[in-house]
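Secondary and tertiary structure notes
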Amino acid sequence: MTEFRHWLSKTGYTIETFAKEVGLHYATVAKWSSGVSKPRDVSKIVLRTRFPNCPLVSEEKHQVR
């Protein structure tokens, strides 16, 4: 289970409800939850604003540049 999928479960979201909440396709969020892809910069802005504790945006804080 990916960290994002665990976070969805912990916050009470399903892939479908989260996708609707952020205005994205189910397939996009499903790819994020399985680790196949990560959000693009535009999506990260929305996620960071609405869900600051979402692991898809909070993981950036841990990356070494």
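In short, a report on the structure. The structure presented is a predicted model; accordingly, all values stated were derived computationally and were not measured.

**A closer look at the environment of Thr17**
As for its position among the elements, Thr17 is in helix 2 (residues 15-22). In the structure, Thr17 is positioned 12 residues away from Val29 in sequence and 10.0 Å away in space, judged by C-alpha atoms. Polar contacts involving the side chain of Thr17 include one to the main-chain amide nitrogen of Thr14, which spans 2.8 Å.

**Details of the layout of surface pockets**
The volume enclosed by the largest pocket comes to roughly 160 Å³. Residue lining of the largest pocket: Thr28, Lys31, Trp32, Ser37, Lys38, Pro39, Arg40, Val42 and Ser43, and that is the complete set. Those elements giving two or more residues to the lining of the largest pocket turn out to be helix 3 (26-34) and helix 4 (41-50). With 3 residues, the single largest contributor to the lining of the largest pocket is helix 3.

**Digging into the packing of aromatic side chains**
Enumeration over the complete set of coordinates arrives at 9 aromatic pairs. Considering the side-chain rings of Tyr13 and Phe51, the 5.8 Å spacing of their centres and the 85 degrees angle between planes classify their relative orientation as edge-to-face. Of this pair, Tyr13 sits in the loop between helix 1 (3-11) and helix 2 while Phe51 sits in the loop between helix 4 and helix 5 (55-58), and the two are 38 residues apart along the sequence. In textbook terms, an aromatic cluster arises when at least three aromatic residues are bridged by ring pairs, as seen for Phe4, Trp7, Tyr13, Phe18, Trp32 and Phe51.

**Notes on the nonpolar core**
Ranked by size, the top nonpolar core spans 15 residues in total, and within it Phe4, Phe18 and Leu47 carry the most contacts. When residues of this core are traced back to their parent elements, those giving at least two are helix 1, helix 2, helix 3 and helix 5. Those residues within four positions of Phe4 in sequence are excluded, and the remaining contacts are Phe18, Val29, Trp32, Ser33, Cys54, Pro55 and Leu56.

Definitions and cut-offs
- Residues numbered from 1 in each chain as written.
- Predicted model: local features only at pLDDT ≥ 70, side-chain atom pairs only at ≥ 80, totals over all residues.
- Heavy atoms only, no water.
- Helix = DSSP H or I, 4+ residues; strand = E, 2+ residues; numbered from the N terminus.
- Polar contact = N/O pair within 3.5 Å; in protein donor to acceptor, adjacent residues only side chain to side chain.
- 1 Å grid on protein atoms, 1.4 Å probe; cavity = no way out; pocket = protein on both sides within 12 Å on 5 of 7 lines; lining within 4 Å.
- Points joined across faces, edges and corners; volume = space filled by probe spheres on them.
- Phe/Tyr/Trp six-rings, centres within 6.5 Å; stacked < 30°, edge-to-face > 60°.
- Core = buried A, V, L, I, M, F, W, Y, C linked by side-chain atoms within 4.5 Å.
- Buried < 20%, exposed > 50% of the residue type's maximum accessible area, 1.4 Å probe, protein only.
- Contact = heavy atoms within 4.5 Å.

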